[in-house]
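# Inside the fold
Single-letter residue listing:
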Amino acid sequence: MSEFENALPVEGGAKPAQNPENRPEIHKTPPVSGTETEPAAGPGRPGEPLPWRPEADITGRDKLFTLLTGCFCLLLVNTAGWPWGMCDTLLFFAWYLLLLGFTGREPLCRRESRVLLGVNLALAATFALTSSPLFRLWNFMALALLVPLQALSHSAGALLPWWRPAMLWERFLLAAWGLFGNLWAPLTAAFPERERREERNKRTLPLVLGTAGALALVAVLAPVLMSADALFAASLETLRFLSLDHLEEYLGKLFWTLVLTPFAFSFLYSLRHPRPLSGSLPEKRTDGLSFLLMLAALDGLYLLFLAVQSAGLFGGPEYLARRGISYAEWARSGFFQMVGVTVVNLTVTLTGLTFSRREGRTWTVLRLLSALLAGESLLLLASAAWRMTLYVSAYGLSFKRCMTYWGMVMMALFFLAALWKLQKPDRSFCRLAFPLALAGWLVINCVPLDYLVAKDQVDRYLACEARGGTPNISVSYLLYDLSYDTLPQLARLDSRLTFLDWRTGREEPLGEMLERRREEARQDCAGWQSWSLSACIAAGG
């Protein structure tokens, strides 16, 4: 056998390369029904996607939700121009109807997602219940953060659990990808495939002519019918959208609706087709010596501060007078600063516990110093609460002072959570802090602060008046800076008394000021957009 014959393969079954019938098929597109071969891919051919958009898992159901998303964006644009009230509640409830309709029941699979959904709906309902301007602003800001977090909590792209602080950054990246990563999705849903050029050209001319003819007929016949029937003319005049005076407004709303719809639908599409982020954030730990030195410095500073505070507390007015300090001013100041430094203390403590190496004597000493700092911070909060109570006993309650009390209670709870983490370093601080923050915010929303502030101020005024003293009360602050909940308490005062009205700059009878405020409440209740239960009660039902 020659060397050329030895180079040939052994006789047997043909290899795939030698037998075309047995060759594996790599790319084979099934032919379209009615044709035997499929034309080569290229732009403009029937059945092929548009060149500017990728293949997508778009269904016919997505067409409906593209339209519903546009309706939601139109509601969003209108809500931005409406006053606070029922419209904001409707906006958030409409969002969740759209979200659950598009994604199904997946957002309710996890317990944390269901809890956050309940919190968001409760906060959304406050717009239709209360009339406090500050709480409405704060609740809207809170919902702007919590609504995306809740929507992304069930997404397969979310890899980090809710109690990890790095979760916030991950959810932010997922939200950014959702808003900008699928902008082609609404266009793909609206135009799933390109029509044949011939059919499109055939229908363009009838569409243009029909639209022009319809507009011409309506423009000619509508005035004729209005002149023939006075009732029909009056009915058309009540429709604002027929007035050219509002044409610019409607075109502006339409423009912003068309701008926002792709982003909103892109976000919804990303929830049903998640794209996990590549990689994970490793936990980096460093030498705890730097944190130990910072904690030691803070502990020493606060020990000195508390010692001086004790000297002033137990020394009494005589000790402070020798130092040239008024006891009343000393006792009624400094609470805001004390609350502020406790925020710094908590931040330093948690940073040291999170990023320090958990080994050796350094870690042991760091935990002891952190526990000492937490105890000192609790004493600072107690001192701030005592000073605030003295201040309130002298000047009465205000909205800011009530919120300061709430802030001190929340900071005390956070420090207790920090002590729990000191005992169990492997447990996440946020596992306790996040639920505490949500529960605390819901509780303060349920407390009628404005009503309590007005009741306290009116009680103090009437008590001083009964003693024959010279009472003082800021009626304008209670009337205009707070909600309608203050009106029933102010009505306890003599309506003939005159007070300075901040709006007019002159002394006016209390009865006239209350009546103007009630008229504002009636105006809020006149439209469903600005309606609220608080305004309805103030307006007299």
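In this report, the structure presented in the accompanying data block is examined. Residues take numbers from 1 onward in each chain, read along the sequence in its written order. Selection of residues for local features in this predicted model requires a pLDDT of at least 70, selection of side-chain atom pairs for listing and counting requires 80 or more, and totals for whole chains, interfaces and linings are taken over all residues. The side-chain figures draw on all heavy atoms in the structure; neither hydrogens nor water molecules are used.

## Re the overall build of the chain
Only DSSP runs of H or I reaching four residues or more are called helices, and only runs of E reaching two or more are called strands; each is numbered from the N terminus. Within the chain one finds 21 helices and two strands. Burial classes: relative accessible area under 20% of the type maximum marks a residue as buried, over 50% as exposed, and values in between as partly exposed (1.4 Å probe, protein chains only). Here the chain holds 541 residues, and 35% of them are scored as buried. Expressed as a percentage of contacts within the chain between residues at least 6 apart in sequence, the contacts between residues at least 24 apart total 71%. Counting only carbon and sulfur atoms, one obtains 65% of the accessible surface of the chain, whose full area is about 32000 Å². Whether two residues are in contact is decided by their heavy atoms, any of which lying within 4.5 Å being enough. What sets the accessible areas is the Shrake-Rupley method with a 1.4 Å probe; for residues, cover comes only from the shown protein chains.

## Focus: helix α16 (residues 430-446)
If you check α16, its first and last C-alpha atoms are 24 Å apart, about what 17 residues at 1.5 Å a residue would give, namely 24 Å. When we look at burial in α16, the residues that qualify are Cys430, Ala433, Gly440, Trp441, Ile444 and Asn445. Looking straight down α16, one finds its buried side chains confined to an arc of 130 degrees; they lie on one side. Exposed residues on α16 whose side chains face more than 90 degrees from its buried face are Val443 and Cys446. Contact partners of the buried residues in α16: α4 (111-125), α5 (133-152), α15 (399-423) and α17 (449-466). Expected span, for any helix, means 1.5 Å times one less than how many residues it has. Regarding the arc, it is the one traced by the directions from the helix axis to the C-beta atoms.

## Points about a nonpolar patch on the surface
A cluster of nonpolar side chains, contributed by Val409, Leu413, Leu416 and Leu419, occupies part of the molecular surface with about 300 Å² of accessible area. Here valine 409 is to be found in helix α15. For patch building, the residue pool is restricted to those with more than 30% relative accessible area and no salt bridge; the joining distance is 9 Å between like charges and 5 Å between nonpolar side chains (Val, Leu, Ile, Met, Phe, Trp, Tyr). A pairing counts as a salt bridge when a side-chain nitrogen of Lys or Arg comes within 4 Å of a carboxyl oxygen of Asp or Glu.

## A closer look at the pairing of strand β2 (residues 506-509)
Between any two strands, pairing holds if DSSP finds at least two bridges. Sheet topology note: the strand β1 (residues 498-501)/β2 ladder contains four bridges and is antiparallel. Bridge pairing in β2 places phenylalanine 499 opposite glutamate 508. What sits between the antiparallel neighbours β1 and β2 is a turn of four residues, in which glycine 505 has the positive phi angle 80 degrees.

## As for the environment of threonine 69
Residue position: threonine 69 is located in helix α2 (residues 60-81). According to the relative accessible area criterion, threonine 69 is buried, its value standing at 0%. Sequence separation of threonine 69 and leucine 260 is 191 residues, and the distance between their C-alpha atoms is 9.2 Å. The residues contacting threonine 69, other than those within four sequence positions of it, are Leu98, Thr261, Ala264, Phe265 and Leu268. Polar contacts here mean pairs of N or O atoms no more than 3.5 Å apart (in protein, one a potential hydrogen donor and the other a potential acceptor; neighbouring residues in sequence count only if both atoms are side-chain atoms). Separated by 2.6 Å, the side chain of threonine 69 and the backbone oxygen of phenylalanine 65 make a polar contact.

## Focus: the nonpolar core
Nonpolar core, defined: a set of buried Ala, Val, Leu, Ile, Met, Phe, Trp, Tyr and Cys residues in which side-chain atoms within 4.5 Å join the residues together. Membership of the largest hydrophobic core comes to 82 residues, with the highest contact counts inside it found for Trp95, Leu346, Phe429, Ile473 and Leu479. In terms of residue count, α15 provides more of this core than any other element does, 10 residues in total. For tryptophan 95, the contacting residues outside a window of four places in its chain are Phe72, Val147, Phe267 and Leu268.

## Some remarks on the side chain of serine 377
With respect to the helices and strands, the residue serine 377 is situated in helix α14 (residues 360-395). Those residues in contact with serine 377 that sit more than four places away from it in its chain are Thr342, Asn345 and Phe415.

## Digging into the pattern of salt bridges
Evaluation of the coordinates by the stated rule reveals 13 salt bridges. A salt bridge links aspartate 426 to arginine 358, with the shortest nitrogen-to-oxygen separation between them at 3.0 Å. With aspartate 426 in the loop between α15 and α16 and arginine 358 in the loop between α13 (335-355) and α14, this residue pair connects regions lying 68 residues apart in the sequence. Two residues, aspartate 501 and arginine 516, come together in a salt bridge whose shortest N-O distance is 2.6 Å. Placement of aspartate 501 in strand β1 and of arginine 516 in helix α20 (residues 510-526) is noted, with a sequence separation of 15 residues between them. Since its relative accessible area comes to 1%, aspartate 501 is described here as buried. Overlapping salt bridges bring together Asp501, Arg506, Glu508 and Arg516 as one network.

## Structural notes on the packing of aromatic side chains
In this analysis, rings of Phe, Tyr and Trp, with Trp reduced to its six-membered ring, are considered paired at centre separations within 6.5 Å, and the interplanar angle assigns stacked below 30 degrees, edge-to-face beyond 60, and tilted for intermediate values. With the rule as written, the count across this model stands at 21 aromatic pairs. When the ring of phenylalanine 72 is compared with that of tryptophan 95, the centres are 5.6 Å apart and the planes differ by 45 degrees; the resulting orientation is tilted. Here phenylalanine 72, found in helix α2, pairs with tryptophan 95, found in helix α3 (residues 86-103); they are 23 residues apart in sequence, far enough to count as distant. A relative accessible area of 10% means that tryptophan 95 is categorised as buried. Taking 4.8 Å as the distance between ring centres and 45 degrees as the angle between the ring planes, the aromatic pair formed by tyrosine 391 and tyrosine 395 counts as tilted. With tyrosine 391 and tyrosine 395 both in helix α14, this residue pair falls four residues apart, about one helical turn. Classification of tyrosine 391 by relative accessible area gives partly exposed; the value is 22%. Ring pairs connect the aromatic residues Phe135, Trp138, Phe399, Trp406 and Trp441, which therefore count as one cluster. Any Lys NZ or Arg CZ found within 6 Å of a ring centre and within 35 degrees of that ring's normal is scored as a charge over the ring. The aromatic ring of tryptophan 163 is capped on one face by arginine 431, whose charged end is 3.7 Å from the ring centroid.

## Observations regarding the packing of α5 against α16
Structural elements are reduced to axes, namely lines fitted to C-alpha atoms, with helices fitted over the stretch in contact, and the angle between N-to-C directions of any two is expressed from 0 to 180 degrees. Remark: α5 packs on α16, axes separated minimally by 12 Å, with the N-to-C direction vectors making an angle of 150 degrees. As the angle between them shows, α5 and α16 are arranged roughly antiparallel. As α5 runs across α16, the sense of the crossing is left-handed. In contact with Phe135, Trp138, Asn139, Ala142 and Leu146 of α5, α16 contributes Leu438, Trp441, Ile444 and Asn445. Residues are grouped as follows: Ala, Val, Leu, Ile, Met, Phe, Trp, Tyr, Cys and Pro are nonpolar; Asp, Glu, Lys and Arg are charged; every other residue, Gly included, is polar. Residue composition of the contact of α5 with α16, grouped by class: seven nonpolar, two polar and no charged. For classification, angles of less than 35 degrees are called roughly parallel, those exceeding 145 degrees roughly antiparallel, those between 65 and 115 degrees roughly perpendicular, and all remaining angles oblique. Crossing chirality is assigned from the near helix's rotation relative to the far helix, an anticlockwise turn below a right angle marking it left-handed and a clockwise turn marking it right-handed.

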